[in-house]
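Chain by chain, the residues:
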Amino acid sequence: MAASSAGSTPSASADGSSTPATTPDQPTRGGTPQDAANRDDTSGRKTSRAKFGLASIVLLTINGIIGSGIFLSPGAVMKVAGTWTPLVYVIAGVFAAVLAVTFAAAARWTSENGAAFAYTRVAFGDDVGFYVGLTRFVGAAIAWGVMATAVVTTVLTVFGGHEAVTTTNITIGFVLLMVVLLAINLAGTRITKVVNNISTIGKVAALVLTIVAGLVVLAMTGDNHFSDLTHLEGPDGSPLVPSMDTTAFVGAMLAAFYAFTGFEGAGSAASEMEDPARNLPRAIPIGVAVVIVVYVAVVSVAMMINPTGVLESKDAVVLASAFDNSIVRDLIVLGALVSMFGINVAASFNTPRIFDAMSRRRMLPAAASRTSQRGVPVVAFVVTAVLAIVVPMAFGYSMRGIMVISSVTRFVQFVMVPLALILCFLGRTRHRPNDVKRSVVLDVVFPIMSIAASVFLMVEFDWRGEFSNPGGGLNLWAVAAMIVGYVVLPAALYLPWKLGVYDDTPKQLPKDR
């Protein structure tokens, strides 16, 4: 472990042992003595008493993973994998579980906000932490914009038909959604926690309803259409589902894997959680495990009762097309809307905390860390929301050109966080982490497995497709987005930080241990 900073001296504990006078590395704290008395987290802000407990963190993790994909496009993997679809989801879930355990293990070593930013900063130092944190923030903000676009367009389609999906209507709905999310966040952690819990329970209940209703249909009819996928034909008479080979299987697995992402943001608001060093490592794997079971059960049931309806559906909520009963269909549609709103709640809670955490480290303007009386990072929220709104608008709500930023951001995290965890285990960190019990399995074996899985995902990722237009040719928007997101913006914010421009208030950071 890194040596203590100069100037820190040990003090004797009650049992006579020597302990460092400094505390684990923490962000900027300041204000009056009364402010200090009101603080009960490591971020330096006042917080309400209602923090996220273990159950709420599990629900937050689930809420951050389950979004629109399982409701709107479950047939995408079926068209590629056919009857292998359940196995594809299981393997994709195993990949996600390995990475989730790694992120959960990393959460033991620091309780600071920011997730990947906090983990990599402790291990590699401020410079690496800055780059990982900023690119993670940009990618997460863009992903939030994509999710917001999805819920708005789905609502317009469900209640107004496809003709209601216009640029003007999407923009109005977009802004209204952001106002609602801001109001929820401004109400404080207690209200945000309640809304998060309700929306998560609602989306899981809708998926459980799908499973139960499907099993009832199977029991009543005795008809199992699981193998129908092997006989379906397209308009030209060719098989609708191509024959399975290694390339197709890997492609389907990658598509399914992205349905499990979102767990990496669970630790972004660690300071809003009760005992995050203990609860996050428990909550993240539980949440991912629940999602794996639900996803596999949902796609299996849909394939058994009506795979043709799912594959050929033109409805906004494709999963509902598996059923003929209008009540069940309506409840699934309602569940889809609740699910998409819920993942936006999770994004609005987690993403601004990355920006806020960096601001508290004076890596970004100090003004961004200003909070409301309830401890909500209002400025960081507004900055995040503006980015989430403006970028999709600038691209005409076509996400193909900019989603590559979000994808690459995940790859950066999926490699850097495991490496950071190994450094923590070896005691070779740039800043002193929390004092935790080392584990060869959690801190070495799982990180190595995660790195191997991440390299595999990067090698198999459709880079050509991401940087190509559907009609052929280079997608200049995607190239421009990558240059801006990974070179121009980091450089533009890094240089002022190094020049001390952001130090507009005295630093009160404790010396890094």
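Here, the structure is the one placed above.
The shown structure was predicted, so the numbers you read here are calculated from the model rather than taken from an experiment.

Peer 1: Just to check I follow, could you spell out the packing of helix 2 (residues 54-65) against helix 13 (residues 326-360) for this structure?
Peer 2: Axis angle and axis distance: for two packed helices, these are the angle between their axes and the distance between the axes, and together they describe the pair. Packing of helix 2 against helix 13 leaves a shortest axis separation of 8 Å and a crossing angle of 110°. Taken together, the axes of helix 2 and helix 13 lie roughly perpendicular to each other. You can see that helix 2 and helix 13 cross each other, and the crossing is left-handed. Across from Leu60, Asn63, Gly64 and Ile65 in helix 2, the residues of helix 13 making contact are Gly342, Ile343, Ala346, Phe349 and Asn350. Looking at the contact of helix 2 with helix 13, its residues break down into five nonpolar, four polar and no charged.

Peer 1: I'm lost on helix 5 (residues 85-106) in this one. Help?
Peer 2: Given 3.6 residues to a turn, an α-helix orients residues that are three or four positions apart in the same direction. If you check helix 5, its first and last C-alpha atoms are 32 Å apart, about what 22 residues at 1.5 Å a residue would give, namely 32 Å. Counting buried positions along helix 5 gives 17 out of 22 residues, so the element sits mostly inside the fold.

Peer 1: Teacher, can you tell me more about the packing of aromatic side chains here?
Peer 2: The description of an aromatic ring pair rests on the distance of the ring centres and on the angle between the ring planes. Within this structure, the stated rule accounts for 17 aromatic pairs. With 5.8 Å between their ring centres and 65° between their planes, Trp144 and Phe381 make a pair best called edge-to-face. In this pair, Trp144 is assigned in helix 7 (residues 126-160) and Phe381 in helix 14 (residues 378-394), connecting sequence segments 237 residues apart. Judged by relative accessible area, which is 3%, Phe381 ranks as buried. An aromatic cluster of at least three residues, connected via ring pairs, comprises Phe103, Phe257, Tyr258, Phe263 and Phe414. When the ring centre of Phe349 is taken as reference, the NZ or CZ atom of Arg353 above it lies at 4.2 Å.

Peer 1: Is there a simple way to explain the packing of helix 2 against helix 9 (residues 189-221) in this structure?
Peer 2: Across the interface, helix 2 lies against helix 9 with an axial gap of 9 Å and an inter-helix angle of 60°. The orientation of helix 2 with respect to helix 9, classified from their angle, is oblique. Between helix 2 and helix 9 lies a crossing of left-handed hand. Packed against helix 2, whose contacting residues are Ser56, Leu59, Leu60, Ile62 and Asn63, the element helix 9 presents Lys193, Asn196, Asn197, Ser199, Thr200, Ile201, Lys203 and Val204 at the interface. Tallied by class, residues from the contact of helix 2 with helix 9 come to five nonpolar, six polar and two charged.

Peer 1: Got a minute to help me understand a nonpolar patch on the surface in this structure?
Peer 2: On the surface, Ile483, Val484, Val487, Val488 and Leu489 cluster together into a nonpolar patch covering about 390 Å² of accessible area. Checked against the element boundaries, Ile483 lands in helix 18 (residues 476-498). Accessibility expressed as a relative area gives 45% for Ile483, which makes it partly exposed.

Calculation rules
- Residues numbered from 1 in each chain as written.
- Predicted model: local features only at pLDDT ≥ 70, side-chain atom pairs only at ≥ 80, totals over all residues.
- Heavy atoms only, no water.
- Axes fitted to C-alpha atoms, helices over the stretch in contact; angles between N-to-C directions.
- Helix = DSSP H or I, 4+ residues; strand = E, 2+ residues; numbered from the N terminus.
- Parallel < 35°, antiparallel > 145°, perpendicular 65-115°, else oblique.
- Left-handed = near helix turned anticlockwise from the far one by under 90°.
- Contact = heavy atoms within 4.5 Å.
- Nonpolar A, V, L, I, M, F, W, Y, C, P; charged D, E, K, R; others polar.
- Expected span 1.5 Å × (residues − 1).
- Buried < 20%, exposed > 50% of the residue type's maximum accessible area, 1.4 Å probe, protein only.
- Phe/Tyr/Trp six-rings, centres within 6.5 Å; stacked < 30°, edge-to-face > 60°.
- Lys NZ or Arg CZ within 6 Å of the ring centre and 35° of its normal.
- Patch = residues over 30% accessible without salt bridge, like charges linked within 9 Å, V, L, I, M, F, W, Y side chains within 5 Å.
- Areas by Shrake-Rupley, 256 points an atom, 1.4 Å probe, with all protein chains shown as cover.
- Salt bridge = Lys/Arg side-chain N within 4 Å of Asp/Glu carboxyl O.

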